[in-house]
Amino acid sequence: MRRLRSLSLSLLMLALAGCGGESDTPPVDGRDFDGVSYSLSAPYGGRVIDGYLEQARVWLDLDGDSQYTGGPLTLTLDNGNLATLPSGEPTALSGPDGVFELDVSELALPSRLGPDLDPRDYPLYALAMPGKTWMQTHAGLAPVSRAFLMSAGPGVRNVTPLTTLARYRALAGLGPYFGVADNLSANLGAVNLLRDYVLAGDERAHAYARALARFMASQVPEGYNALLAQPDSDGRERYLSDEAAYLLGVSLVQNAPEVLARVDDAAQGNYANVDTENLVLPDVPVALDNPVLLTHLTVRAESEHGHDLPVNRSDLLVSAELTFDYTEDGRLLAISAHGCLAPDMAEMARLIRVDGYMARLDSQWRPSAVLSRQSRVAYDTEGVDERLLFDWDAGRAYFETRTPCHDHQGIPAGSSELGGEPEARYQWQVTEAGDVSLQASLPGGTVTYVAHPADPPADADGFTLSQDGIDLATVVFTGEGRQCQPLDADIASRPLVVTTQYGYDVTGYDPQPTSFSGLALEYDDRPLSGLAATARPLHRLLRYGFLDPALSELDNVSGDGSFEWLMYYPGAEALADPDNPNLIREAYLQRYTGARACGRAFENAPIGAYAKLEYGYQRLSEYLVERLE
């Protein structure tokens, strides 16, 4: 859930440095002095400023969706009554000097419904439109070349890039509305984020605002910009969702320190001469669909009583906490581990196919775990112990560790601290046929993983794994897969049912355990009742087996080198993402148990396991706000 979207006028007044008499004209700093009464017979006015902007679309956002809403607009009042505004949200185009006046007469309600709506309880929005909105400059009027959207908090009547920054800082919970938090920019100093900086002659604030406006314009979707540029557009068209507008605001807060720092560098104390049009500003695309992303993974792979694995699942202690970091457009930047992580080349290949955009996958980061006791040892100390960093544009990834968790794989820690030379370097290529060739340069040699698309299943790969040119293992799918119906009506009602099996063969790692046969990826592909109409089809991977002799050679692990992952998912009422029912809730690692029947009810969570993984997801907006904090 997102944070509070508006602050009451009474809270805003607590932050004011002074007070004054009743007035319908806003002061230079953009705030309402009148905390007692407001006459709805008078227009509610203010200014739109980058420089002063003429012909910008302004509206009072009564329904809180960040877009203009026309009439009739029905609002639910605090007392539960419904009020209908025939004309919708008050709106107008700004005029000379950026001045606007909103007709708020419809906010006067019949007494039987409740008290009048106070315009100062709602945020203002202003939309600059390409080729239609004009900015006043020393040389005359200049057309705005790209659209950008600004807002101001309740009771603030100047709408500027700086009020937009102030408002979204408040919405993200970052400090007082009328103050500037320390982590915004040390260079903001005493800049008043709410006032009319043009009238006040504040060249510094003006330069900051112009640069921020350029940054905001760079993030407006091309489709929205083109729509607003159409001859018949007047800025009242709905395009951005509420979440999209919020993400743009959060991104502004995230990137404002860098934008302002570049203004400072160019100014060298003389802000009047800063050419903001030619500043090199951050290029930050934003995923305005606000995807749900895996942000946290808890690994339990240590026995509470020091026993060898596997143990009763209730005996498994946390041995690692993984966090997943993303860019504003939802691209995976890094995986950091408190404890140890397993850089799974198969899962890296899946990510490479979607260019690092995790939300494009049905299931995000299929399970892998480090079983070494050293993971818990590292977890018991403070700080990040391992990191997997991605450079998608260069086709590279880097693994850093300060632990002995991977000594058995020939990857010793090169230092007791992260940030030096990586212990493993990855590079990849994708062929026209869709093969992913992923190469890992390790201290003990070069390991190459070549993934071959399997269709079906579309979300899994056959592969060849080799080291220094010698094949270690291959996986080849055998046939089109087997679809089956639940074995009986009782099974059909169970939460998870195996309805599809894709057989595969594994060669290598000889001699293989005799029980390692009858291999199949098992899925639940049934329709799931209660899903949103926009949801992806159900395609839940439930179980697959694999060989990992090095894992079973650890001194705290018993077994023959054959393992299987079991994955579990929530019901339709508890999905992390209503549009993707295939996000894993938890997974268990156990010894491979052989071939199983298709059409059966999938097994309950095992009593004993080598490891348990617990998945945590967030909306991109939630993740970005948390990162700001």
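Only a predicted model underlies this, so the values are computations on that prediction, with no experimental measurement involved. (Residues numbered from 1 in each chain as written. Predicted model: local features only at pLDDT ≥ 70, side-chain atom pairs only at ≥ 80, totals over all residues. Heavy atoms only, no water.)

J.: How do you make sense of the pattern of salt bridges when you look at a structure like this?
T.: Evaluated as defined, the whole model comprises 33 salt bridges. Arg195 is paired through a salt bridge with Asp202; the nearest N and O atoms lie 2.9 Å apart. Asp202 sits in the buried class, given a relative accessible area of 14%. Across the pair Arg600 and Glu522 runs a salt bridge, and its minimum N-O distance is 2.7 Å. Within this pair, whereas Arg600 is found in the loop between β29 (586-591) and β30 (608-609), its partner Glu522 is found in strand β26 (residues 520-524), the two being separated by 78 residues in sequence. Several salt bridges share partner residues, and in doing so they unite Glu522, Arg543, Glu564, Arg596, Arg600 and Glu603 into one network. (Salt bridge = Lys/Arg side-chain N within 4 Å of Asp/Glu carboxyl O. Buried < 20%, exposed > 50% of the residue type's maximum accessible area, 1.4 Å probe, protein only. Helix = DSSP H or I, 4+ residues; strand = E, 2+ residues; numbered from the N terminus.)

J.: What am I meant to see in the layout of surface pockets here?
T.: As a volume, the second largest pocket reaches approximately 850 Å³. What lines the second largest pocket is a set of 33 residues, among which Asp50, Met135, Arg210, Thr276 and Glu277 lie closest to the centre. If you list the elements that add at least two residues to the lining of the second largest pocket, you get β9 (134-137), β10 (140-143), α3 (197-200) and α4 (203-219). Considering each element in turn, the lining of the second largest pocket owes the most residues, seven residues, to α4. (1 Å grid on protein atoms, 1.4 Å probe; cavity = no way out; pocket = protein on both sides within 12 Å on 5 of 7 lines; lining within 4 Å. Points joined across faces, edges and corners; volume = space filled by probe spheres on them.)

J.: I would appreciate a short explanation of helix α5 (residues 222-229) in the present structure.
T.: Helical periodicity: at 3.6 residues per turn, an α-helix aligns residues three or four positions apart in one direction. Among the residues of α5, those classed as buried are Tyr224, Asn225 and Leu228. Taken down its axis, α5 places every buried residue within 100° of arc, on the same side. In this structure, the buried side of α5 is in contact with β8 (124-128). (Arc of directions from axis to C-beta. Contact = heavy atoms within 4.5 Å.)

J.: Please clarify how unusual backbone geometry should be interpreted in this entry.
T.: What you tend to see is this: most non-glycine residues have negative phi, and most peptide bonds are trans. Of note, the bond from Gly71 into Pro72 is cis; its omega dihedral lies within 30 degrees of zero at -5°. In this fold, Pro72 is placed in the loop between β3 (57-60) and β4 (73-76). For the bond from Asp510 to Pro511, the omega torsion is -5°, close enough to zero to count as cis. On the secondary structure map, Pro511 appears in the loop between β25 (500-508) and β26.

J.: Honestly, the side chain of Arg210 in this entry has me stumped. Any pointers?
T.: Along the polypeptide, Arg210 turns up in helix α4. Salt bridges are absent for the buried Arg210, whose nearest opposite-charge side chain, Glu203, sits at 5.1 Å. Not counting residues up to four positions away in its chain, the partners in contact with Arg210 are Asp50, Val274 and Thr276. (Lys, Arg positive; Asp, Glu negative; His and termini not counted.)

J.: Would you take a moment to explain the nonpolar core for this structure?
T.: Inside soluble globular proteins, nonpolar side chains tend to come together where they are buried. If you look at the biggest cluster of nonpolar residues, it comprises 179 residues, and the most contacted ones within it are Phe324, Trp365, Leu371 and Tyr426. Per-element tally for this core: the top contributor is helix α6 (residues 242-267), with 13 residues. Not counting residues up to four positions away in its chain, the partners in contact with Phe324 are Leu294, Thr295, His296, Leu297, Leu332, Ala334, Ile335, Met358, Trp365 and Tyr623. (Core = buried A, V, L, I, M, F, W, Y, C linked by side-chain atoms within 4.5 Å.)

J.: Explanation requested: the packing of helix α2 (residues 161-171) against α4 in the structure shown.
T.: Geometrically, a packed helix pair is captured by the angle between its two axes and the distance between the axes. Packing of α2 against α4 brings their axes to within 8 Å, and their N-to-C directions diverge by 75°. Of the possible angle classes, the one that applies to α2 and α4 is roughly perpendicular. Across from Pro161, Leu162, Thr164 and Leu165 in α2, the residues of α4 making contact are Ala205, Tyr208, Ala209, Leu212, Ala213 and Met216. Class assignment of the residues belonging to the contact of α2 with α4 gives a composition of nine nonpolar, one polar and no charged. (Axes fitted to C-alpha atoms, helices over the stretch in contact; angles between N-to-C directions. Parallel < 35°, antiparallel > 145°, perpendicular 65-115°, else oblique. Nonpolar A, V, L, I, M, F, W, Y, C, P; charged D, E, K, R; others polar.)

J.: How should I be thinking about the state of the cysteines in this particular structure?
T.: Put plainly, two cysteines are in a disulfide when a covalent bond ties their sulfur atoms together. By the definition in use, this model includes two disulfides. Shown here is the disulfide that connects Cys340 with Cys405, its sulfur atoms set 2.0 Å apart. The sign of the S-S torsion, about 70°, decides the handedness of the disulfide formed by Cys340 and Cys405: right-handed. Separated by 65 residues along the polypeptide, Cys340 in the loop between β16 (332-338) and α7 (345-353) and Cys405 in the loop between β18 (396-401) and β19 (424-430) bring together distant segments of the chain. Between Cys484 and Cys598 runs a disulfide, and the two sulfur atoms are separated by 1.8 Å. Across the S-S bond of Cys484 and Cys598 the torsion is about -75°, and the bridge reads as left-handed. Pair noted here: Cys484 is in the loop between β24 (482-483) and α9 (489-492) and Cys598 is in the loop between β29 and β30, with a separation of 114 residues, a long-range link. Neither residue differs from the other here; Cys484 and Cys598 are each classed as buried. Across the chain, the way the bonded cysteines pair up, counted in sequence order, is 1-2, 3-4. (Disulfide = S-S within 2.5 Å.)

J.: Even after reading the chapter, I still don't get the pairing of β3, so can you show me in this structure?
T.: Successive side chains on a regular strand alternate, one facing one side of the sheet and the next facing the other. With burial as the criterion, each face of β3 is covered, one bearing Arg57 and Trp59 and the other bearing Val58 and Leu60. Sheet analysis places β3 next to strand β6 (residues 91-93), joined by three bridges and oriented antiparallel. When the bridges of β6 are listed, Val58 appears paired with Ala92. Summarising the sheet, β3 and β8 pair through four bridges and their orientation is antiparallel. Paired with Trp59 across the two strands is Tyr125, which belongs to β8. (Pairing = 2+ DSSP bridges.)

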